[in-house]
Amino acid sequence: MRVLLVNHGTAAEWGGGDGVQIRETGKRLRQRGHVVDEVNSDQPRAEGYDLVHIFNCRVQNSFESQIRCCKQANIPVVVSPIWISLKRAYWGSRGSSSVLTQATNNFDNNAINLLENLKQRRLVVMNDGISFHSSGYTTEASNSTELISKLLKEADGLLPNSLLELQAIRSDLNWYDDTFEIAHYGVDPKIFLDASPDQFRAYSGINVPFILQAGRIEPAKNQAMVCWALKNTNIPIVFIGSGKHWPGYTDLCKTIAGDQLVVIEHINQELLASAYAASSVHILASWMETCGLVSLEAALSGTPLVASTFGHELEYLEGDAWYADPADPESINKSINAAINAGRNSEKTIKMKRKILEKFNWEQTVDATEKLYKRVLAKKK
């Protein structure tokens, strides 16, 4: 089988789980004897391939162009949507960063009320005259998801990363076909399983307990709320990830946390694995995760996890993590403390590590991927 794996044209600038998924999928498909190419392009050359697999439908203009190129070449298309309810995520990410900016500049009764309204989901977020509500309702005249919905219906099959993602696709995008397989994310235990903390401690000079969050620094990942939740504590906070696309947001985190915060732009995977092993807790109180690969990586190192109540993490983590409301700093603080007190030898943490080894590995991801490819190609004969 000749397969082209496609991500949007600017994917290399952003990084993220879609790029990891493409790399690991391609690697294992080749090991199984398939001919595989990988490209970041909004106009992929589909001719000569048996099938094209597009990752991430959320970059709307790129996704439209990618689908058009494949259809013009009459090549079957499979899509890993990596979908999250965007309008709800926009409400949370922009609302929280705006409220925290005001609270940082002037922590008065109005800021306190705004934080409470965010927590209670009463806050209305305004952008260019359009209002966004926590339910996903917006006063925008045209529905920006209509095009994505239409394009997904032109695909020959979908590979959601969880049943919860599939449910969101059905609800948000009215996709009702039955040509799909669930391809859960995986983690490579050779890199992350039981890593040593020593390398990161030597690199960073941090030899005390600390809270870690890995991933891009941006409103969607909600790092500023983590800083706000921990600002009256003495525990160090370490963010590992690039803030180049949202420098103002990185500055907001630094303003809130001061010397308590350490930001590390980029490290290799071996050093990242060591950072997970050195940390007391890994937190991802995000507004938009289909899982959070970094949570799975951290868990393999034996790190207790704090996850968000907002995305699709529940399908992966189940009862083996501590959950926090991304809008509620008290909830974040409480869950972090509970995870620290439980520690690395807690039943939850050990069960999570075992579960990843048993269920969430790239071989099983590619089993589902290959199965869908064969279903799609059989339909085309």
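Cut-offs applied
Residues numbered from 1 in each chain as written. Predicted model: local features only at pLDDT ≥ 70, side-chain atom pairs only at ≥ 80, totals over all residues. Heavy atoms only, no water. Buried < 20%, exposed > 50% of the residue type's maximum accessible area, 1.4 Å probe, protein only. Helix = DSSP H or I, 4+ residues; strand = E, 2+ residues; numbered from the N terminus. Pairing = 2+ DSSP bridges. Right-handed = clockwise from strand over helix to strand, strands pointing away. Contact = heavy atoms within 4.5 Å. Salt bridge = Lys/Arg side-chain N within 4 Å of Asp/Glu carboxyl O. 1 Å grid on protein atoms, 1.4 Å probe; cavity = no way out; pocket = protein on both sides within 12 Å on 5 of 7 lines; lining within 4 Å. Points joined across faces, edges and corners; volume = space filled by probe spheres on them. Nonpolar A, V, L, I, M, F, W, Y, C, P; charged D, E, K, R; others polar.

Chemist: For this particular structure, what's the right way to read the pairing of strand β4 (residues 77-80)?
Modeler: A regular strand places its side chains so that they alternate between the two faces of the sheet. Of the two faces of β4, the one holding Val77 and Val79 and the one holding Val78 and Ser80 are both buried throughout. Where strand β3 (residues 51-55) and β4 come together, four bridges link them in parallel fashion. Paired with phenylalanine 55 across the strands is serine 80, a residue of β4. Taken together, β3, helix α3 (residues 60-72) and β4 form a β-α-β motif whose crossover is right-handed.

Chemist: What should I look at first to understand the environment of leucine 164 in this one?
Modeler: Here leucine 164 shows up in helix α7 (residues 163-173). In this view, leucine 164 contacts His312, Leu314 and Glu315; residues no more than four positions away in its chain are not counted.

Chemist: In this structure, what is going on with the pattern of salt bridges? I would like to understand it.
Modeler: Oppositely charged side chains can pair when the atoms bearing their charge come close. Within this structure, the stated rule accounts for 21 salt bridges. When the shortest N-O distance is used, the salt bridge between lysine 351 and aspartate 320 registers 3.7 Å. In this pair, lysine 351 sits in helix α16 (residues 347-359) while aspartate 320 sits in the loop between α14 (314-317) and β13 (322-324), placing the two residues 31 residues apart along the sequence. Assessed through its relative accessible area of 41%, lysine 351 is described here as partly exposed. Because the salt bridges share partners, they merge into one network encompassing Arg23, Glu24, Arg28, Arg32, Glu363, Asp367 and Glu370.

Chemist: Hey, could you run me through empty space enclosed by the protein in this one?
Modeler: A water-sized probe, rolled over the atoms, reveals where empty space remains. Within the structure shown, the criterion is met by one cavity of 30 Å³ or more. Estimates place the volume of the largest cavity at around 60 Å³. Lining of the largest cavity is provided by Val20, Arg23, Glu24, Gly186, Val187, Asp188, Ile191, Phe192, Gln269, Leu293, Glu297 and Trp362. Breaking the lining of the largest cavity down by element, the ones donating at least two residues are α2 (17-31), α8 (189-192) and α13 (293-300). For the lining of the largest cavity, the residue count by class is six nonpolar, two polar and four charged.

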